Structures are given as structure tokens and as C-alpha cells.
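# Survey of secondary and tertiary structure
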Amino acid sequence: MEAVMNNVTIEKAKTSKIKDVDFDNLSFGSIFTDHMLVCDYKNGQWQAPKVVPYQPITLDPSSKIFHYGQSIFEGMKAYKDESGSVWLFRPLENFKRLNKSAKRMAMPELPESSFMDGLTALLQVDSDWIPQSAGSSLYIRPFMFASGNGFHASPADEYKFIIALAPSGSYFSGKVKVLIEKQYSRAANGGVGFAKTGGNYAGQFYPTRLAAEKGYQQVIWTDDNNHEFIEEAGAMNVFIRINDTLLTAPTNDRILDGITRKSILDIAEDEGIKTEIRKVSVKEVVEAAKNGSLKEMFGAGTAAVVSPISAFGYEGVDYDLPELEDSYAALLKKRITDIQYNRAEDKFGWRHEVV
Ligand SMILES: Cc1ncc(COP(=O)(O)O)c(C=O)c1O
């Protein structure tokens, strides 16, 4: 049976898989809800979005996604508070970034109503899937890819926008040990590093595997010129605390403009923490580790929230970070998650209720 909500057609699944899910032991992004949102681009226009049962997609072998990698995505979360209300965190920032990525990858930009009304309808249909347990949330994966056919190396004429949902626990299970990369690069000037496009992640897998073989969970990328300055990690922006100043790299065309990053900068300022957005050299970080002024390093991103770094490796030497009682990471994580889960006042106006 079909219903319509805010111009979004809804086709309900005949049965639900929810009773098979152990909500107390959720991993990250590996089980999916009963429905998904699908919106097709054809004949030069976006069609009306539809909520349909979660299902596989059939594509022609010549679909351009397979050959030329026109593929972009976003990562967001829905949070359920104690009273059962559902919240998003700065969703329009994800919408805007999706279209920024779309433009760079020569893909059609999506109308705001298809994104927001489609996501709202999907979350309403699958609201029972949003976990309420501490540290868990519903991970939201909006993505778009070239579904049009042909071997000609040019942009496709058809695209699909989909939103899939995965009830999820934490991304990392503990503190993270990272390797500061000296050889490989994630992105280059004039390239696509700022876009959330599949190839940026595929390109990281091999160097990250090499780092994992040496005992590091993540690579910290450095600039492609001389590997001199800290840029970002796999799916996180990076913060460094030297003495009591919090440092992070400026965004540019090699770095993803993280929504967690900019929120953390605003919260830190609100807390009276001194922040500096500037190039941070690996040399400066190594020296600070040696002379004891390096207090903390942490990653920040939607999936990993705020993830403290326990140690970093550089040129064959591991540098341990101290265990702090009053870490900025713990303070900032609490402030941001209290806003996300509707446990504290939201003076910035970031929370968005799903009704
Ligand atoms: C490469 C990269 N950097 C940083 C981030 C953090 O961005 P956000 O805070 O918007 O999730 C992500 C995750 O989306 C990412 O993939």
C-alpha cells in the first residue's frame, strides 16, 4: 500500500527485520533498516523521492559509476532523546556539502526539499530503528552515483540519490594509535580532496592497510607537497593541543570541511579555550611531544564523534600522549553530544527536530 507524506511516496515493507537486531550490541554501519529513500535523476531533472523497502539495486554493467567513479556521499546521525523525540545535527550543512561534492564531480545538484523531506519521511517510517542506548545512534548515509550507461568517459545522464540507515554503536572501540604519513598522499591541490567522493576513500585503503600492519589504526595525512603539515585522518579532522592552545589545519581544497570540526571550534571558543586555525607542522608536533608541551591529539567527525589519539608514529618512532584528567577531548565530546542528544541547551541553534 502506498501513502504520501510531504510529496514523498511511501511504500512500506511487508515484514520488518527489527526483531532480529540486538540493539545492546550494535557495531558500526553493518545492519540496515527496513526502508530506504530513492530519488532518480533522468531527462535532465530530479524525479519525486520515494521511500521503498530496503533492497538491492540492479545496474547495467556499463553504468558509469563502475568505470568513472562518479559517486558522492554524506554521513549524518539521528539521535533519540529520553522522551523519544528524534533530532538531527546541522542537517543543512550535510545537504550543502553534498551539492558541493556533486558540483565538483560534474553531477546534478539535488533540491533541498528532496533531501530534507525525503530524509524526514524515511526517519518517520523507520523511527523504531533509532537506538536510545548511550553512545548509539542511527547512522544516515545519503549517497548519489552515476546510474547512466555507456563507456564514453564523460558524465552520465542518469543518477540515483539514495538514503540508507544503519543503527550503530561507536566507530572506534578505544583510543586510536595513528601514523603520520610520509610517503602517500590523500589529496592534491586542485583535486577532489574537499569532496566526499568514493575515490578519496579507496585511495586511502592501501596506505592504511600498510599502517595497520605496523599496529596503527589510522593514517594522519600530510600535505602532498613535502609531507610537512598535518591535514586530516581517514574520516576525521584532526585537533592538536599544545600547552592550552587547540590547533587545527585550515580547510582547503585537499581537506574535508568537517561539520564536527567547525562545531568543536565554536564550542571551544564558547568554553574560553584558545584556538588557532593554522598550518601545523609535523616538526612542531614532534618537538612538542619531546618537550612535553603536546597535551592531546584527537580526531573529530560524525561517525567517530571525538576520538582521542593515544600515540602517533613518525619516521619509525612512536610518541605516546599523556593521559589527562581534564582533557579538552572529553569536555568537547560531552558538550557536542549533549546538544546532539537534547540533553543541554542548544545556544547555537544546531539541533533540528524530526517531526
Ligand atoms: C575525510 C574526512 N574528514 C573529516 C570528516 C569529518 O566530517 P564531519 O564532521 O562533517 O562528519 C569526514 C567524515 O565525514 C571525512 O570523511
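Residues numbered from 1 in each chain as written. Predicted model: local features only at pLDDT ≥ 70, side-chain atom pairs only at ≥ 80, totals over all residues. Heavy atoms only, no water.

Turning to the overall build of the protein chain, a few remarks are in order. Scanning the protein chain from N- to C-terminus turns up seven helices and 20 strands. Relative to the compact-globule value of 20 Å for 355 residues, the protein chain shows a C-alpha radius of gyration of 21 Å, a close match. Counting the 355 residues in the protein chain, one finds 53% classified as buried. Sequence separation of at least 24 residues holds for 70% of the intrachain contacts in the protein chain that already meet a minimum separation of 6. Carbon and sulfur atoms provide 48% of the accessible area of the protein chain, an area that totals close to 16400 Å². (Helix = DSSP H or I, 4+ residues; strand = E, 2+ residues; numbered from the N terminus. Rg over C-alpha atoms; globule rule 2.2 N^0.38 Å. Buried < 20%, exposed > 50% of the residue type's maximum accessible area, 1.4 Å probe, protein only. Contact = heavy atoms within 4.5 Å. Areas by Shrake-Rupley, 256 points an atom, 1.4 Å probe, with all protein chains shown as cover.)

The next point concerns helix H6 (residues 282-291). Within H6 the residues assigned to the buried category are Val282, Val285, Val286 and Ala288. Seen along its axis, H6 keeps its buried residues to an arc of 160°; they face one direction. Exposed and oriented more than 90 degrees from the buried face of H6 are Lys283, Lys290 and Asn291. Within two residues after H6, glycine 292 carries a phi angle of roughly 85°, on the positive side. (Arc of directions from axis to C-beta.)

Turning next to the site of the ligand. The environment of the ligand is formed by 16 residues, the closest being Lys196, Tyr201, Glu232, Thr260 and Thr302. With respect to the ligand, the side chain of threonine 260 contributes an N or O atom lying 2.5 Å from an oxygen atom. Within the contact set of the ligand, an oxygen atom lies 2.6 Å away from a side-chain nitrogen or oxygen of threonine 302. Protein chains bury 97% of the 380 Å² of accessible surface belonging to the ligand in isolation. Among the secondary structure elements, those contributing two or more residues to the shell around the ligand are strand S14 (236-242), helix H5 (259-270) and strand S17 (294-301). Split by residue class, the shell around the ligand holds six nonpolar, six polar and four charged. (Near = heavy atom within 4 Å. Polar contact = N/O pair within 3.5 Å; in protein donor to acceptor, adjacent residues only side chain to side chain. Nonpolar A, V, L, I, M, F, W, Y, C, P; charged D, E, K, R; others polar.)

The phi angle at asparagine 7 is positive, at roughly 65°, despite the residue not being glycine. Summarising the element assignment, asparagine 7 is placed in the loop between strand S1 (2-5) and strand S2 (8-11). In the Ramachandran plot, asparagine 243 falls in the positive-phi region, its phi being about 50° despite a non-glycine side chain. Within the secondary structure, asparagine 243 is located in the loop between S14 and strand S15 (245-248).

Glancing now at the nonpolar core. Formed by 39 residues in total, the largest nonpolar core has its most connected members in Phe115, Leu123, Ile140, Met144 and Phe161. Only S2, strand S3 (35-42), strand S7 (76-80), strand S8 (86-89), helix H2 (91-104), helix H3 (112-125), strand S9 (137-146) and strand S10 (159-168) provide two or more residues apiece to this core. Top element by residues in this core is H3. It accounts for seven residues. The residues contacting isoleucine 140, other than those within four sequence positions of it, are Glu74, Gly75, Met76, Lys77, Ala78, Leu88, Leu119, Leu123, Ile163, Ala164 and Leu165. Ile240, Ala288, Tyr314 and Leu321 belong to the second largest nonpolar core, which has 25 residues in total. (Core = buried A, V, L, I, M, F, W, Y, C linked by side-chain atoms within 4.5 Å.)

Turning to the packing of H2 against H3, a few remarks are in order. Where H2 meets H3, the axes come as close as 10 Å, and the angle between the chain directions of the two elements is 135°. Considered as vectors, H2 and H3 are oriented oblique to each other. Along this stretch, H2 crosses H3, giving a crossing that reads as right-handed. Of the residues in H3, those in contact with Pro91, Leu92, Asn94, Phe95 and Leu98 of H2 are Glu112, Phe115 and Met116. (Axes fitted to C-alpha atoms, helices over the stretch in contact; angles between N-to-C directions. Parallel < 35°, antiparallel > 145°, perpendicular 65-115°, else oblique. Left-handed = near helix turned anticlockwise from the far one by under 90°.)

Scanning the model with the defined rule gives 20 salt bridges in all. Aspartate 257 is the salt-bridge partner of lysine 262, the closest N and O atoms lying 3.6 Å from each other. Residue classification places aspartate 257 among the partly exposed positions, given a relative accessible area of 23%. Here arginine 335 and aspartate 270 are joined by a salt bridge, their closest N and O atoms 2.9 Å apart. Of this pair, arginine 335 sits in helix H7 (residues 328-340) while aspartate 270 sits in helix H5, placing them 65 residues apart in sequence. Linked through salt bridges whose partners overlap, the residues forming this network are Glu93, Lys96, Asp257 and Lys262. (Salt bridge = Lys/Arg side-chain N within 4 Å of Asp/Glu carboxyl O.)

With that settled, consider the packing of H5 against H7. Taken N-terminus to C-terminus, the directions of H5 and H7 make an angle of 110°; their axes are 10 Å apart at the nearest point. Compared by their axis directions, H5 and H7 come out roughly perpendicular. Residues Thr260, Ser263, Ile264, Ile267, Ala268 and Asp270 of H5 lie in contact with H7, whose contacting residues are Leu332, Arg335 and Ile336. Residues belonging to the contact of H5 with H7 are distributed by class as follows: five nonpolar, two polar and two charged.

Now for the packing of aromatic side chains. Summed over all chains, the structure comprises 17 aromatic pairs. Between tyrosine 79 and tyrosine 341 the ring centres are 4.9 Å apart and the planes differ by 70°, which places this aromatic pair in the edge-to-face class. You can see tyrosine 79 sitting in strand S7 and its partner tyrosine 341 sitting in the loop between H7 and strand S20 (351-353), a full 262 residues away along the chain. Taking relative accessible area as the criterion, tyrosine 79 reaches 3% and is therefore assigned buried. Classification of tyrosine 341 as buried rests on a relative accessible area of 11%. Within the aromatic cluster, the residues linked to one another by ring pairs are Phe28, Tyr139, Tyr171 and Phe172. Here the guanidinium or amino end of lysine 177 rests over the ring plane of tyrosine 216, the centre of that ring lying 5.0 Å away. The side chain of arginine 351 reaches across the aromatic face of tryptophan 87, ending 5.3 Å from its centre. (Phe/Tyr/Trp six-rings, centres within 6.5 Å; stacked < 30°, edge-to-face > 60°. Lys NZ or Arg CZ within 6 Å of the ring centre and 35° of its normal.)

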